[in-house]
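Spelled out, the chains give:
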Amino acid sequence: MNHDEIMSKVKELLAEYIHDHTIDSVDEKSLSSTTDFAYDLGMDSLAMAEFLSKVENVFYPLEFFSNGEIDEIKTIGDLVRSIEKQKASQNAPVDDAYNDY
């Protein structure tokens, strides 16, 4: 899975999360690497924890909570870079770990 595919999947998961947890919806096309979870989308720390848990399940085996990266993830771009970095450090292609839930 390349950078654009990871970005697309993260945006899809985020749009689904927002739709499932609020009365609002967001168009995936309006999301970009600079979209800030708190500032642009109004996500608080609980919402971020829930969303990142979902991302961990889809891109298993990622760990945002135990390695402290959760505090560094502010934008969609930060999240995509974290996924890429963790997969590279595990020497595992993202394709092999991708779960289509």
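This text follows the structure it describes.
Reading guide: rules and limits
Residues numbered from 1 in each chain as written. Predicted model: local features only at pLDDT ≥ 70, side-chain atom pairs only at ≥ 80, totals over all residues. Heavy atoms only, no water. Helix = DSSP H or I, 4+ residues; strand = E, 2+ residues; numbered from the N terminus. Expected span 1.5 Å × (residues − 1). Buried < 20%, exposed > 50% of the residue type's maximum accessible area, 1.4 Å probe, protein only. Axes fitted to C-alpha atoms, helices over the stretch in contact; angles between N-to-C directions. Parallel < 35°, antiparallel > 145°, perpendicular 65-115°, else oblique. Left-handed = near helix turned anticlockwise from the far one by under 90°. Contact = heavy atoms within 4.5 Å. Nonpolar A, V, L, I, M, F, W, Y, C, P; charged D, E, K, R; others polar. Polar contact = N/O pair within 3.5 Å; in protein donor to acceptor, adjacent residues only side chain to side chain. Phe/Tyr/Trp six-rings, centres within 6.5 Å; stacked < 30°, edge-to-face > 60°. Core = buried A, V, L, I, M, F, W, Y, C linked by side-chain atoms within 4.5 Å.

S.K.: How should helix α3 (residues 76-89) be read in this particular structure?
M.R.: Since the α-helix advances by 3.6 residues per turn, residues separated by three or four positions end up pointing in the same direction. For α3, with 14 residues, the first-to-last C-alpha span of 20 Å sits near the 20 Å given by 1.5 Å per residue. Looking only at α3, the buried set comprises I76, G77, L79, V80, S82, I83, Q86 and K87.

S.K.: Got a minute to help me understand the packing of helix α1 (residues 3-21) against helix α2 (residues 45-58) in this structure?
M.R.: Pairs of packed helices are described in terms of their axes, by the angle between the two and the distance that separates them. α2 packs onto α1 with a crossing angle of 135 degrees between their chain directions and a minimal axis gap of 11 Å. Considered as vectors, α1 and α2 are oriented oblique to each other. In the crossing of α1 with α2, the sense of the turn from one axis to the other is right-handed. Side by side, α1 and α2 meet where K9, V10, L13, L14, E16, Y17, D20 and H21 of the first sit next to A47, E50, F51, K54, V55 and V58 of the second. Taken together, the residues of the contact of α1 with α2 break down into eight nonpolar, one polar and five charged.

S.K.: Looking at this structure, how should I read α1?
M.R.: Counted at 1.5 Å a residue, the expected span for α1 with its 19 residues is 27 Å, and the 27 Å between its end C-alpha atoms agrees. For α1, the complete set of buried residues consists of I6, M7, K9, V10, K11, L13, L14, A15, Y17 and I18. Its side-chain oxygen 3.0 Å from the backbone nitrogen of D4, N2 forms the N-cap of α1.

S.K.: So what exactly am I meant to see when it comes to the packing of aromatic side chains here?
M.R.: Between two aromatic rings, the relevant description is the distance of the centres plus the angle of the planes. In this structure the tally under the stated criterion is two aromatic pairs. On the basis of an interplanar angle of 45 degrees and a centroid distance of 5.9 Å, the ring pair of F37 and F51 is categorised as tilted. Placement of F37 in the loop between α1 and α2 and of F51 in helix α2 is noted, with a sequence separation of 14 residues between them. The structure contains a cluster of three or more aromatic residues connected by ring pairs, namely Y17, F37 and F51.

S.K.: I keep staring at the nonpolar core and nothing clicks. Help me out?
M.R.: Among soluble globular proteins, nonpolar side chains are generally buried collectively. Residues F37, F51, F59 and L79 are the most contacted members of the largest nonpolar core, which totals 23 residues. Elements that contribute at least two residues to this core include exactly α1, α2 and α3. A total of seven residues in this core trace back to one element, the largest contributor, which is α1. Leave out the neighbours within four places in its chain, and F37 touches L14, G42, M43, M48, F51, I73, K74, T75, I76 and L79.

S.K.: Looking at this model, I keep getting lost on the environment of R81. Mind explaining?
M.R.: Among the secondary structure elements, R81 is positioned in helix α3. On a C-alpha basis, the gap between R81 and M7 in space is 9.4 Å, while along the polypeptide they are 74 residues apart.

S.K.: Got a minute to help me understand the side chain of T75 in this structure?
M.R.: By the element assignment, T75 lies in the loop between α2 and α3. Beyond its immediate sequence surroundings of up to four residues, T75 is in contact with S33, T34, T35, D36, F37 and R81.

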